[in-house]
Structure formats: structure tokens, C-alpha cells
Amino acid sequence: MSGLEGSMTSLVYCQEARQLLDAFGETVRELTRLHEEQFQAIVGGDLDSTRFDDLIFMANERKHEAKYAYLHHLETHRCSTFDATTD
Ligand SMILES: [Zn+2]
């Protein structure tokens, strides 16, 4: 760790990090929705709902990509939204 001063951009909220986090959250929601739909299909007697497997697989890929993009941004940009405790 090289001494970094976290005070110069204290209130600057990184727009890109926020968008990446939003995108990540969106993929998680999409995944939840697909699981819910699959559940409803099964409950409704549609046991041949294998189409959900593909959709869930793809949604999972997108989730991993979005998560990686977000974490990668935090790592390279050093703008973690979690150290917003400094005033
Ligand atoms: Zn950033």
C-alpha cells in the first residue's frame, strides 16, 4: 500500500462505479425473476421447463461478468463506495 490521500475526492461519487453496481444488481434481479418463473412453471405442472435452464445459465454468466466488471473497476479506479465514512 502506498500512502493514498482519500480526502481530495471525498464527495465525488464515481458515476461509472454506480452504473456498474446498478447493472450488477439488475442481473441479480433478472436471475431471481427467472428462478421465480421457473418455480411457477413447475408448480403449474410444466415439468418440461428446460428452457429456463438455458435462460438461467445465461443470466448467471451476465451476473458474473457484471460483478467482475464492477470489482475490476473498484480495483483499478480505487473509488470504492464503501469508504464513504470520511466526511
Ligand atoms: Zn470509479
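Up top is the structure these notes are about.
Please read all numbers here as calculations on a predicted model, not as lab measurements.

Thresholds, definitions, all that
- Residues numbered from 1 in each chain as written.
- Predicted model: local features only at pLDDT ≥ 70, side-chain atom pairs only at ≥ 80, totals over all residues.
- Helix = DSSP H or I, 4+ residues; strand = E, 2+ residues; numbered from the N terminus.
- Contact = placed C-beta atoms within 7 Å.
- Expected span 1.5 Å × (residues − 1).
- Buried ≥ 20, exposed ≤ 12 C-beta atoms within 10 Å, placed from the backbone.
- Axes fitted to C-alpha atoms, helices over the stretch in contact; angles between N-to-C directions.
- Parallel < 35°, antiparallel > 145°, perpendicular 65-115°, else oblique.
- Left-handed = near helix turned anticlockwise from the far one by under 90°.
- Nonpolar A, V, L, I, M, F, W, Y, C, P; charged D, E, K, R; others polar.

**With respect to the overall build of the chain**
The secondary structure content of the chain amounts to two helices and zero strands. Counted over contacts in the chain with a minimum sequence separation of 6, partners at least 24 positions apart contribute 74%.

**Here we look at the environment of Phe57**
Looking at where Phe57 falls in the secondary structure, it is placed in helix 2 (residues 51-77). Measuring from C-alpha to C-alpha, the distance between Phe57 and Leu31 comes to 9.1 Å, with 26 residues separating the pair along the chain.

**Here's the deal with helix 2**
Along its 27 residues, helix 2 runs 39 Å from first to last C-alpha, staying within 8% of the 39 Å computed at 1.5 Å per residue. Residue Arg78 follows helix 2 closely and has a positive phi angle near 50 degrees.

**Things to note about helix 1 (residues 15-43)**
Count 3.6 residues to each turn of an α-helix, and residues three or four apart come out pointing the same way. Over its 29 residues, helix 1 runs 42 Å from end to end, which matches the ideal 42 Å to within 8%, given 1.5 Å per residue. Remark: Gly45 follows helix 1 within two positions and exhibits a positive phi of approximately 90 degrees.

**Description of the environment of Arg62**
Tracing the chain through its elements places Arg62 in helix 2. Given 16 C-beta atoms within a 10 Å radius, Arg62 is considered partly exposed. In this structure, the C-alpha to C-alpha distance between Arg62 and Ala23, residues 39 residues apart in sequence, is 9.6 Å.

**Regarding the packing of helix 1 against helix 2**
The contact between helix 1 and helix 2 brings their axes to 9 Å, and the two run at 160 degrees. Here helix 2 runs roughly antiparallel to helix 1, going by the angle between their axes. Of the two possible hands of crossing, helix 1 and helix 2 adopt the one that is left-handed. Here the contact of helix 1 with helix 2 is composed, by residue class, of 17 nonpolar, six polar and six charged.

**A few points about the environment of Ala59**
Secondary-structure assignment places Ala59 in helix 2. Those residues in contact with Ala59 that lie beyond four places of it in its chain are Thr27, Glu30, Leu31 and Leu34.

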